[in-house]
Amino acid sequence: MRVLVVEDETRAAALLRRGLVEEGFAVDIGSDGVDAVWQASEVAYYVIVLDLMLPGIDGFEVCRRLRADGRWAPVLMLTARGEIADRIRGLNVGADDYLPKPFSFGELVARLRALMRRGAVARPAVLEVGGLRLDPAARTASRDETPLDLSSKEFALLEYLMRHPGEVLTRTVIMEYVWDFASDATSNVVDQYVAYLRRKIDKPFGVPQVEMVRGAGYRLRAGTGQQRLG
Ligand code: CA
């Protein structure tokens, strides 16, 4: 299991490497952020241990660049103890877990193993489909760079559609994932909210991205949204 450890402090990096090798990992060390981004694009690492404080670009930027390049190796971020804002920011740029320094080596290994079980599947922090862009953490959405002003339910509906681009989603399925038990939503409500959403995300742009599939449900077009529909 090949692991990339990104840590600029030589002594800490050497200690981590020695410990992980004893646990059976193959360990490469990255000593700055730019190098780490390059290494992670050359080798399909099982997991990446990423220190936040690095010379050049920091751990947030490393993680952001990896995800933007479609590199999905799980990332465990090493943060300073008590820096809750750093943990939130790290998770929001695409890290999978964090461990505050100083940490127990046993916990580090257990977390790495848990992360490796997830595998390197795509887990984008920001969703992009055609011209649509939605950032669940920042609660912002845009189409063709124009910000969209959505209610929280419209936002949730769009997020769900964007997590399933190109799939036909029935009203029942949409209701199940976007509404909760406490709401007395009916399938009419889905139609109503899709209509609200279309008014905001499709109508001003001339090219519909949300399609109704007769007798089945709705589908978000996965294409670029550039071509005009007949
Ligand atoms: Ca460091």
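Residues numbered from 1 in each chain as written. Predicted model: local features only at pLDDT ≥ 70, side-chain atom pairs only at ≥ 80, totals over all residues. Heavy atoms only, no water.

As recorded by an unreviewed UniProt entry, the chain carries the name Transcriptional regulator and is attributed to Protofrankia coriariae.

Draft legend 1. The arrangement of the UniProt feature "modified residue: 4-aspartylphosphate" (unreviewed entry) in the chain in detail. As recorded in UniProt, the feature "modified residue: 4-aspartylphosphate" (unreviewed entry) lies at D51. The topology assignment puts D51 in strand β3 (residues 47-51). Beyond its immediate sequence surroundings of up to four residues, D51 is in contact with V6, E7, D8, E9, G59, L78 and K101. (UniProt positions renumbered as here; feature names shortened; annotations may be inferred. Helix = DSSP H or I, 4+ residues; strand = E, 2+ residues; numbered from the N terminus. Contact = heavy atoms within 4.5 Å.)

Draft legend 2. Up close: the packing of helix α6 (residues 152-163) against helix α8 (residues 187-201). Where α6 meets α8, the axes come as close as 10 Å, and the angle between the chain directions of the two elements is 85°. In terms of orientation, α6 and α8 fall into the roughly perpendicular class. Contacts from K153, E154, L157, L158 and L161 of α6 reach α8 at Y193, V194, Y196, L197, K200 and I201. By residue class, the composition of the contact of α6 with α8 is 8 nonpolar, no polar and 3 charged. (Axes fitted to C-alpha atoms, helices over the stretch in contact; angles between N-to-C directions. Parallel < 35°, antiparallel > 145°, perpendicular 65-115°, else oblique. Nonpolar A, V, L, I, M, F, W, Y, C, P; charged D, E, K, R; others polar.)

Draft legend 3. Representation of unusual backbone geometry in the model. Of the consecutive residues K101 and P102, the connecting peptide bond is found in the cis state with omega at -5°. Here P102 shows up in the loop between β5 (97-101) and α5 (105-118). Phi at R139 takes a positive value of approximately 55°, unusual for a residue other than glycine. With respect to the element layout, R139 can be found in the loop between β7 (132-135) and β8 (140-143).

Draft legend 4. Quick look at the sheet that holds strand β10 (residues 168-169). Reading across the sheet, the 3 strands line up as β10-β12-β11 and stay open at both edges, with antiparallel pairing between neighbours. Each edge of the sheet is formed by a strand with only one pairing partner; in this case those strands are β10 and β11 (210-213). As defined by bridge partners, β10 adjoins strand β12 (residues 217-220) across 2 bridges and the pair is classed as antiparallel. Residue pairing for β12: V168 is matched across the bridge by R219. Across the sheet, helix α7 (residues 171-178) is in contact with β10, β11 and β12; its angle to β12 comes to roughly 70°. (Pairing = 2+ DSSP bridges.)

Draft legend 5. The arrangement of the sheet that holds strand β4 (residues 75-80) in detail. If you trace the 5 strands from one edge of the open sheet to the other, you get β2-β1-β3-β4-β5, paired in parallel fashion. With partners counted over all chains shown, the strands left at the sheet margins are β2 (26-30) and β5, one partner each. On average, each strand axis in the sheet is inclined to that of its neighbour by 20°, with strand direction left out of account. With 5 bridges connecting them, strand β1 (residues 2-6) and β2 associate as parallel partners. Paired with L4 across the two strands is D28, which belongs to β2.

Draft legend 6. Inspection of the side chain of E159 at higher detail. Structurally, E159 can be placed in helix α6. In this structure E159 touches L127, L134 and P136, once residues within four positions along its chain are discounted.

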